Amino acid sequence: MKSVTFRQLRVFTEVAKHLSFSRAAEALHLTPPAVTMQVKELESQVELPLFERQGRQVQLTMAGEYFLVYAKRLLSTLKDAENVMNRFKRVETGVLTIGMISTAGYFLPQILARFRDEHEGVEVRLDVTRDLNKLIDKLHSNEIDLAVMGRPPKEYALRSEPFAGHPMVFVCPPGHPLLGVGHPPLDALVHHPIVARELGSEVRHTLDAYLREHRLAPRIAMEIPSNETVKASVMAGLGIGFMSLHAVAAEVRSGQLHVVEFEGTPIIRTWNLVHQASKVLSPAAEAFRYMMLEHGEDLLAAQCKRPNPLTDGLDAALTSSPAAAP
């Protein structure tokens, strides 16, 4: 395999990612025949088939699955080497890939747009997922440079730096009985169905921890892997929602949803910027990290705050400092 090239490895991993030669060609800005040729040359070097082709269906062979592990490792090492050399040259060009949990989509694209305007030589890409474990896997495989998420699990070798508060609240539609109580007692939760995010999401993890802490077992009426569908379900009267306040800020301000002020809410967590502990960041990634740590909270506050005397409490919760979070 002495003649295997990094170009062939990049093409191979892209086909493995999409399980499609045509989609890999689009992603790499190549023609499908060029992608096919690169894979055939690689298979010739390896002397084993890496893909099984049945019409338009493409699957990795067992040899291909094993080879993919090493291909990703080689490409990751090459990217680290490139980052180190760029740090010596202090070059801010190339591609910066930011991974994020889907809830961060309510504020991160606008911040990235500002970063791109200030660093015109950097091409910025977003990789969005609802699954925290998948996001962490992409950090470890070097598919993304940095990730925006809540606090990552402690068992992973990751560097996590908080940059802003992340409040989570219970919400209900206008006219809900709980709104006439002021600060309703906690045990009132058990009398109302809850519309919750799916298991595995950070918001659901926070909800479950809150319920365990207060020894409550309300009925989870629905588990939905979409913030927008949770909001629509709550507005339709299907239950009380528990969500990131960033995700419902617009609906609360417009009066479509109301925050239910149970004891101990809002629950303040933190937004964190995360990367591999051993990773050497590129100059572009380091510039984005600096912007988020130094100005992320102010940028988030500027996006979320709207002059409205009826929502001062909402603005205060949205801009809570991460230093006060547990």
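Below is a short write-up of the structure.

Calculation rules
- Throughout this description, residue numbers start from 1 for each chain and increase along the sequence as written.
- Since the coordinates come from a predicted model, pLDDT governs what is reported: local features require at least 70, and pairs of side-chain atoms require 80 or more to be given and counted, while whole-chain, interface and lining totals use all residues.
- Neither water nor hydrogens contribute to the side-chain values; these are computed over all heavy atoms in the structure.
- Helix and strand assignments come from DSSP, with helices taken as H or I runs of at least 4 residues and strands as E runs of at least 2, each series counted from the N terminus.
- Summary of the burial criterion: residues with accessible area below 20% of their type's maximum are buried, those above 50% are exposed, and those between are partly exposed, where the area comes from a 1.4 Å probe applied to protein chains only.
- Working rule for contacts: check all heavy atoms of both residues, and any pair within 4.5 Å makes them a contact.
- Computed with a 1.4 Å probe, the accessible areas rest on the Shrake-Rupley method; for each residue, only the protein chains presented here act as cover.
- In this tally, Asp and Glu contribute negative charge and Lys and Arg positive charge; neither His nor the terminal groups of the chain are included.
- Where a charge lies is defined by one atom per residue type: Lys uses NZ, Arg uses CZ, Asp uses CG and Glu uses CD.
- Take the number of residues in a helix, subtract one, and multiply by 1.5 Å to get its expected span.
- The term salt bridge refers to a side-chain nitrogen of Lys or Arg lying within 4 Å of a carboxyl oxygen of Asp or Glu.
- Whether a set of points on the 1 Å grid over the protein atoms alone is a cavity depends on a 1.4 Å probe fitting there but being unable to get out, while an open set qualifies as a pocket with protein on both sides within 12 Å along at least five of seven lines; lining residues are those with an atom within 4 Å of a point.
- Grid points are joined across faces, edges and corners, and a volume is the space filled by probe spheres set on the points.
- All residues other than Ala, Val, Leu, Ile, Met, Phe, Trp, Tyr, Cys, Pro, Asp, Glu, Lys and Arg, Gly among them, are scored as polar; the first ten of these are nonpolar and the last four charged.

### Quick notes on the overall build of the protein
For the protein, the count of helices and strands is eleven helices and eleven strands. Structurally, the protein occupies a C-alpha span of about 75 × 45 × 35 Å along its principal axes. Among the 326 residues that make up the protein, the fraction classed as buried is 48%. Residue pairs at least 24 apart in sequence account for 75% of intrachain contacts in the protein once pairs closer than 6 positions are excluded. Accessible surface for the protein amounts to roughly 16,700 Å². Of this, 53% is attributable to carbon and sulfur atoms. Computed over 35 positive and 37 negative side-chain charges, the inter-centroid distance for the protein is 3 Å.

### With respect to helix H7 (residues 202–213)
For H7, which comprises twelve residues, the first-to-last C-alpha distance of 17 Å matches the rise-based estimate of 16 Å (1.5 Å per residue) to within 8%. Inspection of H7 places Glu202, Val203, Arg204, Thr206, Leu207, Tyr210 and Leu211 among the buried residues, and these make up the whole buried set. The elements touched by buried residues of H7 are strand E5 (146–149), strand E6 (158–172), strand E7 (194–197), strand E8 (220–224), strand E9 (240–244) and strand E11 (267–276). The positive-phi residue at the C-terminal boundary of H7 is Arg215, with phi of around 55°.

### With respect to the pattern of salt bridges
Under the defined criterion, the tally for this structure stands at 14 salt bridges. A salt bridge links Glu286 to Arg289, with the shortest nitrogen-to-oxygen separation between them at 2.7 Å. Of the two residues, Glu286 and Arg289 both sit in helix H10 (residues 283–304), three residues apart, roughly one turn of that helix. A relative accessible area of 26% means that Glu286 is categorised as partly exposed. Through salt bridges with shared partners, one network takes in Arg159, Glu161, Glu286 and Arg289.

### A word on the layout of surface pockets
Where empty space is left becomes clear once a probe the size of a water molecule has been rolled over the atoms. A volume near 1,400 Å³ is recorded for the largest pocket. What lines the largest pocket is a set of 34 residues, among which Glu14, Lys79, Arg125, Asn142 and Glu143 lie closest to the centre. Elements that contribute at least two residues to the lining of the largest pocket include exactly helix H1 (6–18), helix H2 (21–28), helix H4 (62–89), strand E3 (94–101) and strand E4 (122–129). Among the elements that make up the lining of the largest pocket, the one with the highest residue count is H4 (nine residues). Tallied by class, residues from the lining of the largest pocket come to eleven nonpolar, eleven polar and twelve charged.

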